[in-house]
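# Structural characterization, general
Now for the letters of each chain:
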Amino acid sequence: MTTESVPNVATIAARVEGARKTYGVGGATVTALDDVTVGFDAGAFTAIMGPSGSGKSTLMHCMAGLDTLTSGRAFIGDTDLASLTDTARTILRRDRLGFVFQAFNLIAPLTAEENITLPADLAGRQVDQEWLATVVSTLHVEDRLDHTPAQLSGGQQQRVAIARALAGRPEVVFADEPTGALDSRASAELLTFLRSAVDELGQTVVMVTHDPIAAAYADRVIFLVDGAIVEDVQDPTHDGVLETMKRLGR
Ligand SMILES: Nc1ncnc2c1ncn2[C@@H]1O[C@H](COP(=O)(O)OP(=O)(O)OP(=O)(O)O)[C@@H](O)[C@H]1O
């Protein structure tokens, strides 16, 4: 078989196969993920939605090596997370993934720039200055780099947190309710920047959200109910996402 005959499939940045996650034992067992198989394309922005308790965070945490599956497999690129020791998983998270959480988790006494380069500095890694300059200018924080978090607005702090997540040029950025603590203007700004990280910087973003407006920024939305994927929508619109949420009765 020549390479030309190999179908041109998109690269999958992260995926789970037959993922199950249960908590507790005996009668008190909760099934958080119930046989989920899904892949997330590299260079795409995917949202994960679903009602409270449907398994969104569990799916993200198991894919990002923050938690382990009860059965099934989780991969970052070609790396099977179950094949790694705890230490190797920690290093994979540090070196290959980026995280944006609802709480910005910026370090107060450090400047924006020091916060952005902290993960690389802790790992003893060189920061790619050219990439860093592109990231900070895409996020419009280049004139705020010597400010401390207290001197920045909430939206600016969140952009610095995104710059920190992107600084190591991660294979996947996992964002858990990144707009949860922001007003609508700062949310729109943040989502626009996540969109540019995908469109202009070629990054891969997977975002958990409850917000149909936020989900409409994504290329694709998957909906979870009771730990299973019930809808998988390409090019979502705000109205379409609302309609799906209504149809799912949540
Ligand atoms: N550490 C845990 N121990 C026991 N049960 C848990 C634990 N973590 C999650 N669960 C249960 O697993 C199910 C899925 O939880 P998960 O946090 O993934 O849902 P979610 O969709 O992210 O919810 P939310 O939108 O409220 O954050 C829920 O029933 C939850 O109560």
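Because the structure is a prediction, the values reported are computed rather than measured.

### A short note on helix H6 (residues 184-199)
Compared with an ideal rise of 1.5 Å per residue, which puts 16 residues at 22 Å, H6 spans 22 Å between its outermost C-alpha atoms and is within 8% of the ideal. Listing the buried residues of H6 in full gives Ser187, Leu190, Leu191, Phe193, Leu194, Ala197 and Val198. Down the axis of H6, the buried set is contained in an arc of 155 degrees. They therefore lie on one face. Projecting away from the buried face of H6 at angles above 90 degrees are the exposed residues Arg185 and Thr192.

### Thoughts on the sheet that holds strand S9 (residues 220-225)
With mixed pairing, the six strands of this open sheet are ordered in space as S6-S7-S8-S3-S9-S10. For this open sheet the edge positions go to strand S6 (97-101) and strand S10 (228-234), each flanked by a neighbour on one side alone. For this sheet, the mean angle separating the axes of adjacent strands, direction not counted, is 20 degrees. Where strand S3 (residues 45-49) and strand S8 (residues 205-208) come together, four bridges link them in parallel fashion. Looking at the pairing, Phe45 lines up with Val205 of S8. Along the sheet, helix H1 (residues 56-63) contacts S3, strand S7 (172-176), S8 and S9; its crossing angle with S8, the most-contacted strand, is approximately 150 degrees.

### Section: the packing of helix H4 (residues 129-138) against helix H5 (residues 154-167)
Where H4 contacts H5, the axes come no closer than 10 Å and their chain directions differ by 150 degrees. Classed by the angle they form, the pair H4 and H5 counts as roughly antiparallel. Handedness of the H4/H5 crossing: right-handed. Counted together, Leu132, Val135 and Val136 of H4 and Ala163, Leu166 and Ala167 of H5 form the full contact between these two elements.

### So, the pairing of strand S2 (residues 30-41)
Sheet topology places strand S1 (residues 12-23) next to S2; nine bridges connect them, and they run antiparallel. Pairing of Arg20 across the sheet is with Asp34, part of S2. Linkage of S1 to S2, two consecutive antiparallel strands, is achieved through a turn of six residues, within which Gly24 is found at a positive phi near 80 degrees.

### Notes on the site of the ligand
Close to the ligand lie Tyr23, Gly24, Val30, Ala32, Gly50, Ser52, Gly53, Ser54, Gly55, Lys56, Ser57 and Thr58, which account for all nearby residues. Looking at the shell around the ligand, the elements that each hand over two or more residues are S2 and H1. Among the elements that make up the shell around the ligand, the one with the highest residue count is H1 (three residues). The class makeup of the residues in the shell around the ligand is three nonpolar, eight polar and one charged.

### Looking at the pairing of S8
Both faces of S8 are covered, namely the face carrying Val205 and Met207 and the face carrying Val206 and Val208. This β-α-β element, S7 to H6 to S8, shows right-handed connectivity.

### Looking at the UniProt feature "domain: ABC transporter" (unreviewed entry) in the protein
As annotated by UniProt and renumbered to match this structure, "domain: ABC transporter" (unreviewed entry) occupies residues 14-245. Annotation note: span residues 14-245, helix share 36%, strand share 27%, distance between end C-alpha atoms 25 Å.

### Quick notes on the sheet that holds S2
The antiparallel open sheet is built from four strands, whose spatial order is S2-S1-S4-S5. The open sheet is flanked by S2 and strand S5 (79-80), the only strands paired with a single partner. In the packing of H1 onto the sheet, contacts are made with S1, S2 and strand S4 (71-76), and the angle to S1 comes to roughly 120 degrees.

### Observations concerning the nonpolar core
Counting residues in hydrophobic clusters, the biggest one holds 64 residues, and the most contacted among them are Ala163 and Leu194. For this core, the element with the most residues is H5, which contributes seven residues.

### Structural notes on the environment of Pro170
As for its position among the elements, Pro170 is in the loop between H5 and S7. When the 22 C-beta atoms within 10 Å are taken as the criterion, Pro170 is described as buried. In the structure, Pro170 is positioned 156 residues away from Ala14 in sequence and 12 Å away in space, judged by C-alpha atoms. Once you skip the residues sitting within four places of it in the chain, Pro170 turns out to touch Arg96, Leu97, Gly98 and Ala165.

### A short note on the packing of H5 against H6
Each pair of packed helices can be described by the angle between their axes along with the distance between the axes. At a closest axis distance of 9 Å, the pairing of H5 and H6 adopts a crossing angle of 20 degrees. Here H5 lies roughly parallel to H6, going by the angle between them. Relative to H6, the crossing made by H5 is right-handed. Of the residues in H6, those touching H5 at Gly154, Gly155, Gln158, Arg159, Ile162 and Leu166 are Ala186, Glu189, Leu190, Phe193, Leu194 and Ala197.

Criteria and cut-off values
- Positions within a chain are numbered from 1, following the residues in the order the chain's sequence is written.
- In keeping with the predicted nature of the model, local features appear solely for residues at pLDDT of at least 70, side-chain atom pairs appear and are counted solely at 80 or more, and the whole-chain, interface and lining totals rest on all residues.
- Only DSSP runs of H or I reaching four residues or more are called helices, and only runs of E reaching two or more are called strands; each is numbered from the N terminus.
- Helix span, expected: 1.5 Å multiplied by one less than the number of residues in the helix.
- For every residue, the other C-beta atoms within 10 Å of its own C-beta are counted; 20 or more classify it as buried, 12 or fewer as exposed, and values in between as partly exposed. C-beta atoms are placed from the backbone.
- Taking the helix axis as origin, the arc is that swept by the directions to the C-beta atoms.
- Following DSSP output, two strands are said to pair if at least two bridges run between them.
- Here an angle of 0 to 180 degrees is reported between the N-to-C directions of two axes, which are lines fitted to C-alpha atoms, with helices fitted over the stretch in contact.
- Note that contacts rest on C-beta atoms placed from the backbone: two residues are in contact if these are within 7 Å.
- Here roughly perpendicular refers to angles of 65 to 115 degrees, roughly parallel to angles under 35, roughly antiparallel to angles over 145, and oblique to all remaining angles.
- The crossing is said to be left-handed when, going from far helix to near helix, the turn is anticlockwise and less than a right angle, and right-handed when the turn is clockwise.
- Here, nearness is defined through the C-beta atom: a residue counts as near a molecule or strand if that backbone-placed atom lies within 6 Å of it.
- Classes in brief: Ala, Val, Leu, Ile, Met, Phe, Trp, Tyr, Cys and Pro nonpolar; Asp, Glu, Lys and Arg charged; the others, Gly included, polar.
- A clockwise course of the path from the first strand over the helix to the second, judged with the strands pointing away from the viewer, identifies a crossover as right-handed.
- UniProt positions are given in the numbering used here, feature names are shortened, and annotations may be inferred rather than shown by experiment.
- A set of buried Ala, Val, Leu, Ile, Met, Phe, Trp, Tyr and Cys residues, joined to one another through C-beta atoms within 7 Å, is what we call a nonpolar core.

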